[in-house]
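Take a look at the letters that make up each chain.
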Amino acid sequence: MADLALVDANVLLGRHPRTPARADTAADLLAWLDRVGIAEALVGHTASWLHDPAAGNQQVTELLAATPDRLHACWVVLPGGTGELGSPSELVTAAHAAGVAATRAYPADHGWSLTAPDATPLLRSLVAAGLPLLVDAEQTSWTDIAACATAHPRLRLVVCGTGYRALRRIAGVLADNDNVWIETSTLATHQALEWLAGRFGAERLVFGSGATLRDPAEAVTRLLLSELDDGAVRAVGGGNLRELLARPGVRVS
């Protein structure tokens, strides 16, 4: 599939205490992605997660400014109660102005809940702005994911880092909520891609590698060696994420 252009939903710049491997600049990151044939990526910054969301969001925007055709900023979001990122409307206005393609939440580490009342204005603002929300499975619960998706049916919710023992929980959420997608970086159950695509459609899966916390070659290899047909591989590998990000002001080639 020489014409396959992979679009990665799950990439981080910056150092992490669990691994010495990292990419500190856009050039560093492109070297990681070029090695395994990833054409474009949604990119967050570890500083937004582990230190200061406001500073990290600004940092990733500045670092990616020279690579708008390949690397797309993914900001970390918070409810507006503390004022760290402004009100939800101010946050999404700033995100639009910065060309942000999607958002990410770390509820467990940042001390909030997708289903708490204070999250509602934030989630409604993301819907109004057309910004998808990515969240790691370990940062919340499948019960909260289902409740959030049900309460906000127009929110495009991408669950990352699902692991390899979650197929029943994934199936329960996908069966009841057509606004949830599953990212593939740790979806390592034997033939999980094939089973999920066969039961719910390949359009419910988006490619992610977990770089730079993981070697991106793992996720690329799993997709390319799967038994999905070429059309499904193209959809999972990039087409589905492009559709999720298709809104005015964001260009994903």
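Refer to the structure printed above.
Heads up: these notes are all about the structure in this document. In this text the structure is predicted, and so the values were computed from the model without any measurement.

1. Comments concerning the overall build of the chain
Right, so step 1: When you go through the chain residue by residue, the secondary structure sums to 11 helices and eight strands.
Right, so step 2: Here the C-alpha coordinates of the chain stretch approximately 45 × 40 × 35 Å along the principal axes.
Right, so step 3: Restricting to contacts in the chain with at least 6 residues of sequence separation, those with at least 24 account for 73%.
Right, so step 4: In the form shown here, the chain has an accessible surface area of approximately 10,700 Å², with 52% of it arising from carbon and sulfur atoms.

2. Looking at the pairing of strand 5 (residues 133–136)
Right, so step 1: Here strand 5 shows two buried faces, one formed by Leu133 and Val135 and the other by Leu134 and Asp136.
Right, so step 2: Where strand 4 (residues 102–105) lies against strand 5, three bridges are found, and the strand directions are parallel. Paired with threonine 103 across the two strands is leucine 133, which belongs to strand 5.
Right, so step 3: In this region the chain leaves strand 5, passes through helix 7 (residues 142–151) and returns to the parallel neighbour strand 6 (residues 157–160); the handedness of that crossover is right-handed.

3. Remarks on the sheet that holds strand 5
Right, so step 1: Reading across the sheet, the eight strands line up as 1-2-3-4-5-6-7-8 and stay open at both edges, with parallel pairing between neighbours. The outermost strands of the open sheet, each flanked by one partner alone, are strand 1 (6–13) and strand 8 (205–206).
Right, so step 2: As paired strands, strand 3 (residues 71–76) and strand 4 are joined by three bridges and run parallel to one another. Residue pairing in the sheet places tryptophan 75 in a bridge with threonine 103 of strand 4.

4. Let's talk about helix 9 (residues 192–200)
Right, so step 1: All of the buried residues in helix 9 are Ala192, Leu193, Leu196, Ala197 and Phe200. Take helix 9 and look down its axis: the buried residues cluster within an arc of 125 degrees, on one side only. Turned more than 90 degrees away from the buried face of helix 9, the exposed residues are Gly198 and Arg199.
Right, so step 2: Where helix 9 is buried, its residues contact helix 8 (167–176), strand 8 and helix 10 (216–224).

5. Some thoughts on unusual backbone geometry
Note on backbone geometry: most residues besides glycine have negative phi, and most peptide bonds are trans.
Right, so step 1: In this model, alanine 211 is joined to threonine 212 through a cis peptide bond whose omega is 10 degrees.
Right, so step 2: Relative to the assigned elements, threonine 212 resides in the loop between strand 8 and helix 10.
Right, so step 3: A positive phi angle is found at glutamine 191, which is not glycine, with a value near 60 degrees.
Right, so step 4: Relative to the helices and strands, glutamine 191 resides in the loop between strand 7 (180–183) and helix 9.

6. Thoughts on the packing of aromatic side chains
Right, so step 1: The final tally for this structure, using the stated rule, is two aromatic pairs.
Right, so step 2: Seen from their ring centres, tryptophan 49 and tyrosine 106 are 4.9 Å apart, and the 5 degrees between their planes marks the pair as stacked. Taken together, the residues span a long stretch of sequence, with tryptophan 49 in helix 2 (residues 46–50) and tyrosine 106 in the loop between strand 4 and helix 5 (107–110) at a distance of 57 residues. Here the two residues tryptophan 49 and tyrosine 106 agree in accessibility, since each one is buried.

7. Concerning the packing of helix 4 (residues 88–97) against helix 6 (residues 120–129)
When two helices pack together, their arrangement is given by the angle between the helix axes and the distance between those axes.
Right, so step 1: Helix 6 packs onto helix 4 with a crossing angle of 35 degrees between their chain directions and a minimal axis gap of 9 Å. Crossing geometry of helix 4 relative to helix 6 is assigned as right-handed. Where helix 4 approaches helix 6, its residues Pro88, Ser89, Leu91, Val92 and His96 are matched on the opposing element by Pro121, Leu122, Ser125, Leu126 and Ala129.

8. Quick look at the environment of cysteine 148
Right, so step 1: Among the structural elements, cysteine 148 can be located in helix 7.
Right, so step 2: Relative accessible area serves as the criterion here: at 1%, cysteine 148 is assigned to the buried category.
Right, so step 3: Taking the C-alpha atoms as reference, cysteine 148 lies 31 Å from proline 68; in sequence the two are 80 residues apart.
Right, so step 4: Discounting chain neighbours no more than four positions away, the residues touching cysteine 148 are Leu114, Thr115, Leu123, Leu155 and Leu157.

9. Some points on the pattern of salt bridges
Right, so step 1: Evaluation of the coordinates by the stated rule reveals six salt bridges.
Right, so step 2: In this structure, aspartate 34 and arginine 70 form a salt bridge, with 2.7 Å as the shortest nitrogen-oxygen distance. Placement of the pair is aspartate 34 in helix 1 (residues 26–36) and arginine 70 in the loop between helix 3 (53–63) and strand 3, with a sequence separation of 36 residues.
Right, so step 3: According to the relative accessible area criterion, aspartate 34 is partly exposed, its value standing at 44%.
Right, so step 4: Between arginine 35 and aspartate 215 there is a salt bridge, and its shortest N-O distance comes to 3.0 Å. Taken together, the residues arginine 35 in helix 1 and aspartate 215 in the loop between strand 8 and helix 10 connect sequence positions 180 residues apart.
Right, so step 5: The network of salt bridges with shared partners includes Arg214, Glu218 and Arg222.

What counts as what
Residues numbered from 1 in each chain as written. Predicted model: local features only at pLDDT ≥ 70, side-chain atom pairs only at ≥ 80, totals over all residues. Heavy atoms only, no water. Helix = DSSP H or I, 4+ residues; strand = E, 2+ residues; numbered from the N terminus. Contact = heavy atoms within 4.5 Å. Areas by Shrake-Rupley, 256 points an atom, 1.4 Å probe, with all protein chains shown as cover. Buried < 20%, exposed > 50% of the residue type's maximum accessible area, 1.4 Å probe, protein only. Pairing = 2+ DSSP bridges. Right-handed = clockwise from strand over helix to strand, strands pointing away. Arc of directions from axis to C-beta. Phe/Tyr/Trp six-rings, centres within 6.5 Å; stacked < 30°, edge-to-face > 60°. Axes fitted to C-alpha atoms, helices over the stretch in contact; angles between N-to-C directions. Left-handed = near helix turned anticlockwise from the far one by under 90°. Salt bridge = Lys/Arg side-chain N within 4 Å of Asp/Glu carboxyl O.

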